[in-house]
Amino acid sequence: MAYLHEDILREKAEEFIKVLAKYSIKSEIVMIRDYSVKISIEKENMNYGNLIIDYKAKKNTFSIRVQELKDKSIEQDLVTLWERGELLVTSEGNDIFEIYVDGSFINDNIGYGVVILKNGRLYKELSGQVTDPVFMGSRQVGGEITAVIEALKWCKDAGISEVTIYYDFANLEKWIAGEFSTKTLMSEVYKDYVQNCGIKINWRKVAGHTGVRWNEKADKLAGNAARTQ
């Protein structure tokens, strides 16, 4: 007997299975019900348990649950891959660049850190101290802004036209989207650069200092840069 939304659930699961396979994670459908599908998770011959994909028919949206994972060490990787899954599928055949940015203020110095991933793998790291007076008056915020600008400069030099930027400081996106007004020279200069850089940006908010691997790495780079004399 076919379940109520079996076809659409199976299609979504198979799509995600293809995404996981790109990162050497083996998976297969192990159960389907009216509004959910379970897929097994295996990597390097280790069974991590099951991931559940839920379907909300009224909203036509999907979400995942991880309570059936036996080993939580892979949880963040799965969540990240789920969040970037649509991008990976629609960019089939093209290189995908994702960037994590952060800033730090230590001992009156401001540092910025940038981690660049190419197709999910570490590709480039950028870091340094903030020396532009425009960005030096707001401590860590100046580092956050500089990280985005330096990342986009790198993209322009590398000929990259679209990126996904992961950030933990909400204003970085809200200034660009017009949700927050740019009342300072710093935010005006930042918004003007980002909007006129010629690069399409997909913004993704992450929670800072919660163990998100590459966000933590960007934070460390920024901190080290701020400490450098």
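Residues numbered from 1 in each chain as written. Predicted model: local features only at pLDDT ≥ 70, side-chain atom pairs only at ≥ 80, totals over all residues. Heavy atoms only, no water.

Engineer: Which residues make up the overall build of the chain, and what values go with them?
Structural biologist: Broken down by element type, the chain carries 6 helices and 9 strands. When the backbone C-alpha atoms are referred to their principal axes, the chain occupies close to 70 × 35 × 30 Å. Counting only residues that meet the buried cut, the chain has 45% of its 229 residues in that class. Across the chain, every contact between residues at least 6 apart in sequence was considered, and the portion connecting residues at least 24 apart equals 55%. When the accessible area of the chain is evaluated, it comes to approximately 12300 Å², of which 45% is carbon and sulfur surface. (Helix = DSSP H or I, 4+ residues; strand = E, 2+ residues; numbered from the N terminus. Buried < 20%, exposed > 50% of the residue type's maximum accessible area, 1.4 Å probe, protein only. Contact = heavy atoms within 4.5 Å. Areas by Shrake-Rupley, 256 points an atom, 1.4 Å probe, with all protein chains shown as cover.)

Engineer: Would you mind going over the layout of surface pockets in detail, with residue names and values included?
Structural biologist: Here the largest pocket defines a volume of roughly 390 Å³. Lining the largest pocket we find 17 residues, and of these Tyr23, Asp77, Gly120, Arg213 and Trp214 sit closest to its centre. Broken down by secondary-structure element, the contributors of at least two residues to the lining of the largest pocket are helix H2 (75-90), strand E7 (121-129) and helix H6 (213-227). Grouping the amino acids of the lining of the largest pocket by side-chain chemistry returns 8 nonpolar, 4 polar and 5 charged. (1 Å grid on protein atoms, 1.4 Å probe; cavity = no way out; pocket = protein on both sides within 12 Å on 5 of 7 lines; lining within 4 Å. Points joined across faces, edges and corners; volume = space filled by probe spheres on them. Nonpolar A, V, L, I, M, F, W, Y, C, P; charged D, E, K, R; others polar.)

Engineer: So what's going on with the nonpolar core? Residues and values would help.
Structural biologist: By size, the foremost hydrophobic cluster in this structure holds 33 residues, and its most contacted members are Val163, Tyr190 and Trp203. Every element with two or more residues in this core is listed here: strand E5 (97-106), strand E6 (109-118), helix H3 (140-158), strand E8 (162-167), helix H4 (171-177), helix H5 (185-195) and strand E9 (200-205). With 8 residues, the single largest contributor to this core is H3. Ignoring sequence-local partners within four residues, the contact set of Trp203 consists of Val148, Ile165, Tyr167, Leu172, Glu173, Ile176, Tyr190 and Val194. Listed in part, the 22 residues of the second largest apolar core include Leu9, Ile25, Val37 and Ile74. (Core = buried A, V, L, I, M, F, W, Y, C linked by side-chain atoms within 4.5 Å.)

Engineer: Break down the pattern of salt bridges for me, citing the residues and quoting the values.
Structural biologist: Counting across every chain of the model gives 9 salt bridges. The salt bridge partner of Glu125 is Lys217, with a shortest N-O separation of 3.7 Å. Of this pair, Glu125 sits in strand E7 while Lys217 sits in helix H6; the two residues are 92 residues apart in sequence, bridging distant segments of the chain. What makes Lys217 partly exposed here is its relative accessible area of 27%. Where Lys200 meets Glu162, a salt bridge forms, and the shortest distance between an N and an O atom there is 3.8 Å. One end of the pair, Lys200, is in strand E9; the other, Glu162, is in strand E8, with 38 residues separating them in the sequence. (Salt bridge = Lys/Arg side-chain N within 4 Å of Asp/Glu carboxyl O.)

Engineer: Explain the packing of aromatic side chains to me, using residue names and the numbers behind them.
Structural biologist: For the coordinates displayed, the defined rule picks out 9 aromatic pairs. Between Phe97 and Tyr123 the ring centres are 6.0 Å apart and the planes differ by 75°, which places this aromatic pair in the edge-to-face class. Remark: Tyr123 occurs in strand E7 and Phe97 occurs in strand E5; sequence separation between them is 26 residues. Geometrically, the ring pair formed by Phe169 and Trp175 is edge-to-face, given 6.1 Å between the ring centres and 70° between the ring planes. Considered together, Phe169 and Trp175 belong to a single accessibility category, that of buried residues. One aromatic cluster is present, formed by Phe97, Tyr123 and Trp154 through successive ring pairs. Over the ring of Trp82 we find Lys12, and its NZ or CZ is 5.4 Å from the ring centre. (Phe/Tyr/Trp six-rings, centres within 6.5 Å; stacked < 30°, edge-to-face > 60°. Lys NZ or Arg CZ within 6 Å of the ring centre and 35° of its normal.)

Engineer: If you had to explain the sheet that holds E8 to someone new, which residues and values would you point to?
Structural biologist: Taken in spatial order, the 5 strands line up as E7-E6-E5-E8-E9 in an open sheet, and their pairing is mixed. The open sheet terminates on both sides in strands that have one partner only, identified here as E7 and E9. Each strand of the sheet is rotated relative to its neighbour by a mean of 20°, with strand direction disregarded. As judged from the 8 bridges shared by E6 and E7, these two strands associate in the antiparallel manner. In the strand pairing of E7, Val115 is matched with Glu125. Relative to the sheet, H3 contacts E5, E6, E7, E8 and E9, its axis offset from that of E5 by approximately 150°. (Pairing = 2+ DSSP bridges. Axes fitted to C-alpha atoms, helices over the stretch in contact; angles between N-to-C directions.)

Purely spatial values, then, with no claim about function.
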